Amino acid sequence: MTTGVPPSEPRSTPHGTGRRLLKMMVEIDSSRFLGNRVVAAAMLVGILAIFAGIGYGLPALLSQYF
């Protein structure tokens, strides 16, 4: 027998890339542990370096062919 009430599904929270990036930025500022702050800051600097490399390298690569 069923009661007619559908079972409730657990709420899913989005864990996308943007949310993780924002979490790292907050962790740099609010973490109690120095190690977590340093790791989060290093990861953000690495992400920025990757974007800088793509922003510089991709146009430089394309300019050689066009």
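Residues numbered from 1 in each chain as written. Predicted model: local features only at pLDDT ≥ 70, side-chain atom pairs only at ≥ 80, totals over all residues. Heavy atoms only, no water.

S.K.: Would you mind going over the overall build of the chain with me for this structure?
M.R.: Helix and strand content of the chain: two helices and zero strands. Counting all 66 residues of the chain, 6% fall into the buried class. Per element, the accessible surface of the chain, about 6200 Å² overall, is 68% carbon and sulfur. (Helix = DSSP H or I, 4+ residues; strand = E, 2+ residues; numbered from the N terminus. Buried < 20%, exposed > 50% of the residue type's maximum accessible area, 1.4 Å probe, protein only. Areas by Shrake-Rupley, 256 points an atom, 1.4 Å probe, with all protein chains shown as cover.)

S.K.: Would you take a moment to explain the packing of helix 1 (residues 17-30) against helix 2 (residues 34-65) for this structure?
M.R.: Angle between the axes and distance between the axes are the two parameters that describe a pair of packed helices. Relative to each other, helix 1 and helix 2 sit at 135°, their axes nearing to 8 Å. When the axis of helix 1 is compared with that of helix 2, the two are oblique. For helix 1 against helix 2, the interelement crossing comes out left-handed. Here helix 1 contributes Leu21, Met24, Met25, Glu27, Ile28, Asp29 and Ser30 to the contact with helix 2, which in turn contributes Asn36, Arg37, Ala40, Ala41, Met43, Leu44 and Ile47. Its residues assigned to classes, the contact of helix 1 with helix 2 comprises nine nonpolar, two polar and three charged. (Axes fitted to C-alpha atoms, helices over the stretch in contact; angles between N-to-C directions. Parallel < 35°, antiparallel > 145°, perpendicular 65-115°, else oblique. Left-handed = near helix turned anticlockwise from the far one by under 90°. Contact = heavy atoms within 4.5 Å. Nonpolar A, V, L, I, M, F, W, Y, C, P; charged D, E, K, R; others polar.)

S.K.: Before we go on, may I ask you to explain a nonpolar patch on the surface in this structure?
M.R.: Nonpolar side chains collect at one region of the surface, where Ile50, Ile54, Leu58, Leu61, Leu62, Tyr65 and Phe66 lie side by side and expose about 820 Å² of accessible area between them. Residue Tyr65 is classed as exposed on the basis of its relative accessible area, which comes to 61%. (Patch = residues over 30% accessible without salt bridge, like charges linked within 9 Å, V, L, I, M, F, W, Y side chains within 5 Å. Salt bridge = Lys/Arg side-chain N within 4 Å of Asp/Glu carboxyl O.)

S.K.: Would you mind going over the environment of Leu44 with me for this structure?
M.R.: On the secondary structure map, Leu44 appears in helix 2. Residue classification places Leu44 among the buried residues on the basis of a relative accessible area of 14%. Considered as a pair, Leu44 and Ile28 are 16 residues apart in the sequence and their alpha carbons are 9.4 Å apart. Dropping the residues within four chain positions of it, Leu44 is found in contact with Leu21, Met24, Met25 and Ile28.

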